[in-house]
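# Working through the structure, step by step
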Amino acid sequence: SFKHKNSHLTKIINYIENHYADNLSLSALATRFSLSQSYIVRIFRKELYCKPSEYVNKIRISVAKTLLAQTNLSVSEIAEKVGFLDVYYFSKVFKKYTGLTPKQYR
């Protein structure tokens, strides 16, 4: 569980890590935590050097790597499980983060 000096950031990151398959758009996070979108972007940039969407993708790809290695689920099943609605977009993001397609990774 993530602990950070910014308690908002701690709450948001713990939420992302437990709900990575949900809609985690910036507007959804802002609504969920009653914070402005610009504030959320600012604390992510300042503390984690990335956008919230990049952090969400990092978590999703990390879980996807585990599922690819440890299950026989299809790539599209894994994409859906980690929160991607489109398997092609999932494959593109996966390759951006790992340098490999999901099939190559497996």
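What this report covers is the structure whose coordinates are included nearby. (Residues numbered from 1 in each chain as written. Predicted model: local features only at pLDDT ≥ 70, side-chain atom pairs only at ≥ 80, totals over all residues. Heavy atoms only, no water.)

Here we take up the environment of Ser91. One can find Ser91 in helix α6 (residues 87–98). The exposure class of Ser91 is partly exposed, given its relative accessible area of 24%. Considered as a pair, Ser91 and Val75 are 16 residues apart in the sequence and their alpha carbons are 8.4 Å apart. With residues up to four places along the chain from it excluded, the contact list for Ser91 reads Val75 and Pro102. (Helix = DSSP H or I, 4+ residues; strand = E, 2+ residues; numbered from the N terminus. Buried < 20%, exposed > 50% of the residue type's maximum accessible area, 1.4 Å probe, protein only. Contact = heavy atoms within 4.5 Å.)

Further remarks concern the side chain of Arg60. Looking at where Arg60 falls in the secondary structure, it is placed in helix α4 (residues 52–70). In this structure Arg60 is buried but unpaired, with Asp22 as the nearest side chain of opposite charge at 7.3 Å. The residues touching Arg60, leaving out its near neighbours within four places in the chain, are Tyr20, Ala21, Asp22, Leu24, Val82, Gly83 and Phe84. (Lys, Arg positive; Asp, Glu negative; His and termini not counted. Salt bridge = Lys/Arg side-chain N within 4 Å of Asp/Glu carboxyl O.)

Counted under the stated rule, the structure contains one salt bridge. Salt-bridge contacts for Glu47 lead to Lys46; the nearest nitrogen and oxygen are separated by 3.2 Å. Lys46 gets classed as exposed once you look at its relative accessible area, which sits at 58%.

What follows concerns the side chain of Glu47. Within the secondary structure, Glu47 sits in helix α3 (residues 37–48). Residue classification places Glu47 among the buried positions, given a relative accessible area of 17%. At a separation of 3.2 Å, a polar atom in the side chain of Glu47 contacts the side chain of Lys46. (Polar contact = N/O pair within 3.5 Å; in protein donor to acceptor, adjacent residues only side chain to side chain.)

So, on to the nonpolar core. The biggest cluster of nonpolar side chains holds 17 residues, and the ones touching the most others in it are Ile12, Ile16, Leu29, Ile40, Phe44 and Tyr55. Every element with two or more residues in this core is listed here: α1 (7–18), α2 (26–33), α3 and α4. With five residues, the top contributor of residues to this core is α1. Once residues lying within four places of it in the same chain are set aside, the contact partners of Ile16 are Leu24, Leu29, Phe44, Tyr55, Val56 and Ile59. One finds Ile61, Leu68, Val75 and Val82 within the second-largest nonpolar core, a separate group that totals 13 residues. (Core = buried A, V, L, I, M, F, W, Y, C linked by side-chain atoms within 4.5 Å.)

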